[in-house]
Amino acid sequence: MSALLAEQPVLHESLRIAGEKVSRDRVIEVRHPYTGELVATVPKATLADVQRALKIAREYRAKLTRHERYRILMKAGEIVAARRDQIARLITLESGLCLKDTQYEVGRASDVLLFAANQSLVDDGQVFSCDLTAHGKSRKVYTLKEPLLGAITAITPFNHPLNQVIHKVAPAVATNNRVVLKPSEKTPLAAYALADILYEAGLPPEMLSVVTGDPREIADEMLTSDAVDLVTFTGGVAIGKYIAAKAAYKRQVLELGGNDPIIVMEDADIDEAATLAAAGSYKNSGQRCTAVKRMLVHEAVADRFVELLVEKTKAVKYGDPLDPKTDMGTVIDEPAAKLFESRVNEAIAQGAKLLAGNVRRGALYSPTVLDNVRPEMTVVREETFGPVSPVIRFKDFEDAMRIANGTAFGLSSAICTNRLDYITRAVQELNVGTVNVREVPGYRLEMTPFGGIKDSGLGYKEGVLEAMKSFCNTKTYSLPW
Ligand code: NAD
């Protein structure tokens, strides 16, 4: 037995059906991507398990006061913060993300809980006086936010095993909704840990169930059951569009893939731009929907930018995710690493220039810089969900906008410039959900509206406030006044 397993016995997880721990003979193995060692097993839920979880969620009427919701979310946030290192290690074991990344993620997750707790105290009603026009009346119309009648189905991806889950569960708790969550079968452990923390913090168990399993067996039930009113999904475009078609007449919040550019204009601070580009490209092993996936650089400054980018890329310490000094761990698995390698090799064969990286060992893929990339190459036309920095050189601002808008995606973007004319035009002309000036595309608060357009999403947003809105029905009532 290796040192890793000696330190951490294999965990045999159970489903959480309204808090009840249920084990099943059929299991999914969770292996540490860096060594391939078995970290845990999680049950494969049966269709009947999922139906039971959905029925409980559908029938339960949560009656928590705003104060009670606040207390539960605050307490959960405190527990998450206090157990930061333990939870970060669990995420590192299941995902191969390095400890620096997973500790950061746990910090973000406790912020989400804090914001949701505070937001549950804010009154969300509106009042309309009715004597506003000549044919008005002496009445007032009031609005009231109510939780959904049915359950919420939440389905999450592998790349932020805790934060993606918390962005769906915390707003649901803050609005008295009931959730059945299916985390990614690649990284299911953080979701189970979070459910236990919420129960410990006082959440009525009927408000949250967690199921894992084979999506081919259980996903359709979660999308089509009469017990479900809303599907909130974060993941890739292919499954997002499948859900859009399958979950007919259900409210849908779809947060899908991205292909975000960082645009470097000729007046930019090139050192700052290269620092942002490298951080945006390699953080979380490049596996963020808002990672920098294309670097669009004005030809007048491209040589200097590339030189600095290569320097910063070579300084990234990648390797053992459990070593606290590591800056970048593995990607999710070997097939993902092989895909990046093959896309980079294809680009090189088509004329791109490899300046750093493209070294693979199992699921470990080095930070990689490619220059002279053209927009039609697969590595930038498709979403390359790993630590690859493809540089595309452009001539002028119009050229940059055309290339930036030239993919199927529209999630986020960044522009490095101090010129107000470039800034205002970029904000107006980029077809995306977010434009960050002199920041990475991924910059946000857990509270701010977040989400994309085109293939990146339907335009319905996440972020604590927006999620709370989408998880409620608005009722109006009026009184004589
Ligand atoms: P994925 O689409 O492969 O899987 C996401 C989830 O869908 C998993 O839980 C999976 O089990 C589930 N699933 C599989 N088949 C299903 C089916 N038939 N019906 C319903 N659910 C099914 O995504 P992934 O590989 O885990 O994550 C990476 C993708 O997520 C990238 O494209 C990334 O850009 C995207 N992402 C988007 C955002 C955002 O907010 N826009 C954030 C993070 C990640």
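Here the structure is a predicted model, which is why all the values come from computation and not from measurement.

Here we take up the overall build of the chain. Each helix and strand in the chain was counted, giving 16 helices and 24 strands. By the compact-globule yardstick of 23 Å for 481 residues, the chain fits well, its C-alpha radius of gyration being 23 Å. With respect to the three principal axes, the spread of C-alpha positions in the chain is 75 × 70 × 40 Å. When the 481 residues of the chain are sorted by exposure, 57% land in the buried category. Counted over contacts in the chain with a minimum sequence separation of 6, partners at least 24 positions apart contribute 72%. Entry remark: accessible area of the chain is about 19,500 Å², with carbon and sulfur atoms responsible for 54%.

The next point concerns the UniProt feature "binding site: NAD(+)" (unreviewed entry) in the chain. Per the UniProt entry, the sites bearing "binding site: NAD(+)" (unreviewed entry) are T156, P157, F158, K182, P183, S184, E185, G236 and E383 in this numbering. Over a stretch of 228 residues, the named residues are scattered through the fold, their C-alpha atoms separated by up to 23.7 Å. Considering the arrangement of structural elements, one finds T156 in the loop between β8 (151-155) and α6 (163-174). If sequence neighbours within four positions are ignored, T156 has contacts with Q164, V165, K168, L181, K182, P183, S184 and T234. Within the secondary structure, F158 is located in the loop between β8 and α6. Assessed through its relative accessible area of 15%, F158 is described here as buried. Dropping the residues within four chain positions of it, F158 is found in contact with S184, K186, T187, Q287, I332 and F385.

This paragraph deals with the packing of aromatic side chains. Enumeration over the complete set of coordinates arrives at four aromatic pairs. Ring geometry for F158 and F385: centres 5.8 Å apart, planes at 80 degrees, overall edge-to-face. Residue F158 is found in the loop between β8 and α6, and its partner F385 is found in the loop between α13 (378-381) and β19 (388-394); the two are separated by 227 residues along the sequence. Sitting above the plane of the F450 ring, R444 keeps its charged end 4.0 Å from the centroid.

This brings us to the pairing of strand β18 (residues 368-371). Neither face of β18 is exposed, since T368 and L370 on one face and V369 and D371 on the opposite face are all buried. When strand β15 (residues 353-356) meets β18, the two strands line up antiparallel, connected through three bridges. Following the sheet pairing, K353 is matched in β18 by D371. Judged from the three bridges that link them, β18 and β19 form a sheet pairing that is parallel.

Once that is clear, we can look at the site of the ligand. Taken together, 29 residues surround the ligand, and among them T156, E185, G236, L256 and E383 come closest. Within the contact set of the ligand, an oxygen atom lies 2.6 Å away from a side-chain nitrogen or oxygen of E185. One nitrogen or oxygen atom from the main chain of L256 is found 2.6 Å from a nitrogen atom belonging to the ligand. For the ligand, the protein covers 87% of the area, taking 850 Å² as the surface of the free molecule.

Attention shifts here to the pattern of salt bridges. Scanning all chains against the criterion turns up 37 salt bridges. One salt bridge connects D323 with K317, and the closest N-O pair in it is separated by 3.7 Å. Note on D323: relative accessible area 22%, which makes it partly exposed. Here K317 falls in the partly exposed class, since its relative accessible area comes to 38%. The partner of R425 in a salt bridge is E398, and the shortest N-O contact between them spans 2.9 Å. Linking R425 in helix α15 (residues 420-429) with E398 in helix α14 (residues 397-404), this pair joins segments that are 27 residues apart in sequence. Of the residues examined, R425 reaches a relative accessible area of 30% and is grouped as partly exposed. Taking the relative accessible area as the measure of exposure, E398 reaches 44% and is therefore partly exposed.

What counts, and where the lines are drawn
Residues numbered from 1 in each chain as written. Predicted model: local features only at pLDDT ≥ 70, side-chain atom pairs only at ≥ 80, totals over all residues. Heavy atoms only, no water. Helix = DSSP H or I, 4+ residues; strand = E, 2+ residues; numbered from the N terminus. Rg over C-alpha atoms; globule rule 2.2 N^0.38 Å. Buried < 20%, exposed > 50% of the residue type's maximum accessible area, 1.4 Å probe, protein only. Contact = heavy atoms within 4.5 Å. Areas by Shrake-Rupley, 256 points an atom, 1.4 Å probe, with all protein chains shown as cover. UniProt positions renumbered as here; feature names shortened; annotations may be inferred. Phe/Tyr/Trp six-rings, centres within 6.5 Å; stacked < 30°, edge-to-face > 60°. Lys NZ or Arg CZ within 6 Å of the ring centre and 35° of its normal. Pairing = 2+ DSSP bridges. Near = heavy atom within 4 Å. Polar contact = N/O pair within 3.5 Å; in protein donor to acceptor, adjacent residues only side chain to side chain. Salt bridge = Lys/Arg side-chain N within 4 Å of Asp/Glu carboxyl O.

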